[in-house]
Amino acid sequence: MNINEDCIMGKKNYVYFIITIFLISVFIIMYFIFDNNKIWKGEMYDEKKELYEQRVKQQKTEKEKMELRNNEILKRTPGIVCWGDGRTYGTYANGKSYPTLLRDIIEANDYPYPVVNLGVYAEDSLTVLGRSGAIPFVVSNPFTISGNSDNLIEISLTSENGEEVNPCIQDYNPGFNPCVINGIKCKIYGEPDVTNINKAKSYYLSRQDNSNSKIEVGKGSIIETSGSTEYKNYINILQIGDGGGYDTDWELVEQELKFVESLGKSKKFIIIGRIGGSEKDNEYYDSRMISEFGEHYINIRKELTGREFEGINYSEQDKEDMKKGIIPKCMKRDGYLNEVGCKILADTVYERLQELKFIEK
């Protein structure tokens, strides 16, 4: 064998060696792939599947327990209801009324309670309390309910104490309809006065009981609103006093006392104080409210003027107003809290709900 043949043989042996190494590598790779696939499809797969099913089952069980727990909580306290005028409704708050922001806080902290906003723009204290049933609306002139739901019957109404009230003149009227008069389910519609859209020109009643019988309704008959019965077991929050409906501070306090009395045995309530005026202007009112309601009373004016909050730009005039107990302009507009003021109010109400142990989860 000459040198060329040796070279050729050497090259062949090298090629065989490379091929052998390649085949062994392929075999090893295929072995691990097959073995791992076998493991995955075998015991390991079964184990992972079992763990996954256990986790899903546990999550389902925890969810069911949470739902049962929430249902038990809501049986005791179905939710939080916020009564008031446009300040509760959220006028000038850019869609961020304090009830809306309170709902967001409640949900973010995993409490199960719905939050209901029963604020209506331009209502005075007597109209708000009429919707709640604390100082009921009554029929001021006798009339006859006849015909069916297509018949509109003109009626007149006042507050129980004979004072003027103006419900049902906005496009939204929560806590009023359907109402009940002399046992008859009805709907009442208000027609605003063209010279003052916040006042009623007239009222009309439509019966809702699918009957044609005649029912005589006498003067002084109580109009039982939906709000007077639906929310008694809720946590009730009241904000009135800046929209009129009373002559003296003591009269306003008396109205708020009647609101609490209308809740019966329930002690789950919060009264939010007035926004307007200075510390001096509200001295008597605040002292009586603390005396009558204690920790159930939130002096929101004091909360908003007692310190400077981070992230808010206070003008020099704002700081001067705060020294007098006047809510600064950076937190209000035309006598209503803006979204900045509403956020602080919502935080304050949430903290008070916790302090009073009204909410649970």
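Summarised in this report is the structure supplied together with it. (Residues numbered from 1 in each chain as written. Predicted model: local features only at pLDDT ≥ 70, side-chain atom pairs only at ≥ 80, totals over all residues. Heavy atoms only, no water.)

1. Examining a negative patch on the surface
A cluster of acidic side chains, namely Asp-46, Glu-47, Glu-50 and Glu-53, defines a negative patch on the protein surface. One can find Glu-50 in helix H2 (residues 43-76). (Patch = residues over 30% accessible without salt bridge, like charges linked within 9 Å, V, L, I, M, F, W, Y side chains within 5 Å. Areas by Shrake-Rupley, 256 points an atom, 1.4 Å probe, with all protein chains shown as cover. Salt bridge = Lys/Arg side-chain N within 4 Å of Asp/Glu carboxyl O. Lys, Arg positive; Asp, Glu negative; His and termini not counted. Charge placed at Lys NZ, Arg CZ, Asp CG, Glu CD. Helix = DSSP H or I, 4+ residues; strand = E, 2+ residues; numbered from the N terminus.)

2. Quick notes on the sheet that holds strand S12 (residues 235-239)
Strand order in the open sheet made by the five strands is S2-S1-S12-S13-S14, with parallel pairing throughout. The open sheet has two edge strands with one neighbour each: strand S2 (115-119) and strand S14 (297-298). Alignment of S12 against strand S13 (residues 269-272), held across four bridges, turns out to be parallel. Within S13, the residue paired with Asn-236 across the bridge is Phe-269. Of the strands in this sheet, strand S1 (80-84), S12 and S13 touch helix H7 (residues 249-262), which is tilted by about 165° from S13. (Pairing = 2+ DSSP bridges. Contact = heavy atoms within 4.5 Å. Axes fitted to C-alpha atoms, helices over the stretch in contact; angles between N-to-C directions.)

3. A word on the environment of Glu-303
By secondary structure assignment, the location of Glu-303 is in helix H9 (residues 300-305). For Glu-303, a relative accessible area of 33% translates into the label partly exposed. Contacts of Glu-303, omitting those with residues within four sequence positions, involve Phe-309, Thr-348 and Arg-352. (Buried < 20%, exposed > 50% of the residue type's maximum accessible area, 1.4 Å probe, protein only.)

4. Regarding the sheet that holds strand S6 (residues 157-159)
Sheet architecture is open: three strands sit in the order S6-S3-S11, paired in antiparallel fashion. This sheet does not close on itself; its edge strands, each paired only once, are S6 and strand S11 (222-223). Pairing analysis gives three bridges linking strand S3 (residues 137-139) to S6, with the strands arranged antiparallel. Bridge pairing in S6 links Phe-137 to Ser-159.

5. Brief notes about the packing of helix H4 (residues 98-108) against helix H11 (residues 339-355)
Look at H4 against H11: their axes get within 8 Å of each other, and the N-to-C directions meet at 50°. By the angle class used here, H4 and H11 are oblique. Between H4 and H11 lies a crossing whose hand is right-handed. Mapping the contact onto sequence places Tyr-98, Leu-101, Leu-102, Ile-105 and Ile-106 in H4 and Glu-339, Cys-342, Lys-343, Leu-345, Ala-346, Asp-347, Val-349, Tyr-350 and Leu-353 in H11. When grouped by side-chain class, the residues that make up the contact of H4 with H11 number 11 nonpolar, no polar and three charged. (Parallel < 35°, antiparallel > 145°, perpendicular 65-115°, else oblique. Left-handed = near helix turned anticlockwise from the far one by under 90°. Nonpolar A, V, L, I, M, F, W, Y, C, P; charged D, E, K, R; others polar.)

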